[in-house]
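Observations on the model geometry
Residues per chain are reported as follows:
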Amino acid sequence: MKTKTVMPVLAGALLLASGMAAAQPYPVKPVRVIVVFPAGGSTDVVARMAFQKVGDQLGQQFQIDNRAGAGGTLGAAIAAKSPNDGYTLMVYSASLVANAHLYKKLPYDALKDFIGITPVSRLVGMLAVHPSLPVRNARDLIALAKSRPGELRYGSAGVGAYQHLAGSLFATMAGINVTHIPYKGGAQASVAAASGEIEMLLTPVVEVINNIQSGRLRPVAVSSAKRITQFPDVPALAESVKGYELVSWFGAYAPAGTPRPIIDRLNAELKKAVADQEVAAKLSSLVLDPMHMSPEDFARLMKADYDKYESIVRQSGAKIE
């Protein structure tokens, strides 16, 4: 009889304990944040700023794990296969949807295997050249490129990265022939341009701002439809190449199936993080404008850019086996 009495009590205690554990507020342990590009690049900078603040807000560590390779697809594959319990997240740029059209086969579906929590910042590109190049604006650069077809080289963070597609779109719309040189990351491409290893690049402003301020690179144009407040004297590329515009975003993601309460919690915390005066000022100083959306609005943005990049990739002719 004692056994029969004890067992229900023990079972009840176990159920109560498991219920209390399930009710514990998220997160109860450190969270891994996979950044799909190398440390020092714009994706890494944004991820560290945003999630350090989220960690401060929640009193928990959000540990950055740089998993670079294959244009970001290596890190994305790891994130897609991770448990959907909220303890593995990912930060990726719009290259997530661009790569869907670049690679013949990927081990994940860009639109189905992730939940977009929110974009964290808007990205504007800067067309910059080595000071040895005798150009002061995009018109000069286009004229020079036409006089030296195939000789001018532009760098990128890899085939299909923002720099590659932005540069390819510029070349197509301007009617010029320039040579693409891929590097392991945006920071490496910027170093190459500043050293004169390549002549130019069209890259997120954050990756060239120090070299521009030091005079190692010369700004020529920005990739947004209009000039930006941080560089009001630098023309928009559309002023020379009608209709040109290619801005991007950095987003936070979780594996598909992550519970909605966790997604909502992270969305709210990231909203607070990028609205924080200090974080917003730091992002703005790097021309990484703070950005926030609901998961539903972000899903619509991802689908729209998925379709847009399909056209850009087709025009570029870029393919990765």
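In case you missed it, the structure is sitting above this.
Residues numbered from 1 in each chain as written. Predicted model: local features only at pLDDT ≥ 70, side-chain atom pairs only at ≥ 80, totals over all residues. Heavy atoms only, no water.

1. Quick notes on the overall build of the chain
- When helices and strands are tallied, the chain shows eleven helices and eleven strands.
- Each principal axis of the C-alpha distribution contributes one length, and for the chain these read about 95 × 40 × 30 Å.
- Here the chain holds 321 residues, and the buried ones make up 52% of them.
- Across the chain, the fraction of contacts at a sequence separation of at least 24, relative to all contacts at a separation of at least 6, is 78%.
- Total accessible area on the chain is roughly 14,300 Å²; 55% of this is exposed by carbon and sulfur atoms. (Helix = DSSP H or I, 4+ residues; strand = E, 2+ residues; numbered from the N terminus. Buried < 20%, exposed > 50% of the residue type's maximum accessible area, 1.4 Å probe, protein only. Contact = heavy atoms within 4.5 Å. Areas by Shrake-Rupley, 256 points an atom, 1.4 Å probe, with all protein chains shown as cover.)

2. A look at the nonpolar core
- Of all hydrophobic cores here, the largest spans 112 residues; its most connected members are Phe-62 and Phe-170.
- In contact with Phe-62, other than residues within four places in its own chain, are Tyr-26, Pro-27, Val-31, Val-33, Phe-51, Val-54, Gly-55, Leu-89 and Leu-266. (Core = buried A, V, L, I, M, F, W, Y, C linked by side-chain atoms within 4.5 Å.)

3. Some thoughts on the side chain of Glu-207
- Summarising the element assignment, Glu-207 is placed in the loop between β8 (200-204) and α8 (209-213).
- Buried charge without a partner: Glu-207 forms no salt bridge, and the closest opposite charge is Arg-48, 12 Å away.
- Polar side-chain contacts of Glu-207 include one of 2.9 Å to the backbone nitrogen of Ser-42.
- Here the side chain of Glu-207 touches Gln-163 through a polar contact of 3.1 Å, side chain to side chain.
- Non-local contacts of Glu-207, meaning those with residues more than four positions away in its chain, are made with Gly-41, Ser-42, Gln-163, Gly-186, Ala-187 and Ser-190. (Lys, Arg positive; Asp, Glu negative; His and termini not counted. Salt bridge = Lys/Arg side-chain N within 4 Å of Asp/Glu carboxyl O. Polar contact = N/O pair within 3.5 Å; in protein donor to acceptor, adjacent residues only side chain to side chain.)

4. A word on the packing of helix α2 (residues 42-58) against helix α10 (residues 277-285)
- In the contact formed by α2 and α10, the axes pass within 11 Å of each other and the chain directions differ by 175°. Here α10 runs roughly antiparallel to α2, going by the angle between their axes. On the side of α2, the interface is formed by Val-46, Met-49 and Lys-53, while α10 contributes Val-279, Lys-282 and Leu-283.
- Class assignment for the residues of the contact of α2 with α10 results in four nonpolar, no polar and two charged. (Axes fitted to C-alpha atoms, helices over the stretch in contact; angles between N-to-C directions. Parallel < 35°, antiparallel > 145°, perpendicular 65-115°, else oblique. Nonpolar A, V, L, I, M, F, W, Y, C, P; charged D, E, K, R; others polar.)

5. So, helix α7 (residues 186-195)
- Within α7 the residues assigned to the buried category are Gly-186, Ala-189, Ser-190, Ala-192, Ala-193 and Ala-194.
- The elements touched by buried residues of α7 are β6 (153-156), α6 (162-174), β8 and α8.
- A positive backbone phi angle near 90° is found at Gly-196, which sits one or two residues after α7.

6. Considerations on the sheet that holds strand β3 (residues 88-93)
- Strand order in this open sheet of six strands is β2-β1-β3-β10-β4-β11, and the pairing throughout is mixed. A single partner strand is all that each edge strand has here, and the edge strands are β2 (62-66) and β11 (288-290). Each strand of the sheet is rotated relative to its neighbour by a mean of 30°, with strand direction disregarded.
- The pairing of strand β4 (residues 114-123) with β11 spans three bridges and is classified as antiparallel. The partner of Arg-122 across the bridge, within β11, is Asp-289. (Pairing = 2+ DSSP bridges.)

7. Comments concerning the sheet that holds strand β9 (residues 218-222)
- An order of β7-β6-β8-β5-β9 is seen for the five strands of this open sheet, with the pairing classed as mixed. Both outer strands of the open sheet, β7 (179-182) and β9, are each paired with one neighbouring strand and no more. For this sheet, the mean inter-axis angle between neighbouring strands, taken without regard to orientation, is 30°.
- Relative to β8, strand β5 (residues 125-129) is paired through five bridges, and the arrangement is antiparallel. Note that in β8 the partner of Ala-128 across the bridge is Leu-201.
- In the packing of α7 onto the sheet, contacts are made with β6 and β8, and the angle to β8 comes to roughly 145°.

8. Some words on the packing of aromatic side chains
- Applying the stated criterion across every chain, the model contains seven aromatic pairs.
- Plain terms: the ring middles of Phe-37 and Tyr-92 are 5.8 Å apart, the flat faces sit at 80° to each other, and that makes the pair edge-to-face. Taken together, the residues Phe-37 in the loop between β1 (31-35) and α2 and Tyr-92 in strand β3 connect sequence positions 55 residues apart.
- Each ring, one from Tyr-253 and one from Phe-298, has its centre 5.5 Å from the other, and the planes form 40°; the classification is tilted. Of this pair, Tyr-253 sits in strand β10 (residues 248-255) while Phe-298 sits in helix α11 (residues 295-316); the two residues are 45 residues apart in sequence, bridging distant segments of the chain.
- On the basis of relative accessibility, which here comes to 0%, the residue Tyr-253 falls in the buried class.
- Since its relative accessible area comes to 0%, Phe-298 is described here as buried.
- Taken together, the ring pairs connect Tyr-108, Phe-114, Trp-249, Tyr-253 and Phe-298 into an aromatic cluster.
- Cation over ring: Lys-29 sits above Tyr-87, and NZ or CZ is 4.7 Å from the ring centre. (Phe/Tyr/Trp six-rings, centres within 6.5 Å; stacked < 30°, edge-to-face > 60°. Lys NZ or Arg CZ within 6 Å of the ring centre and 35° of its normal.)

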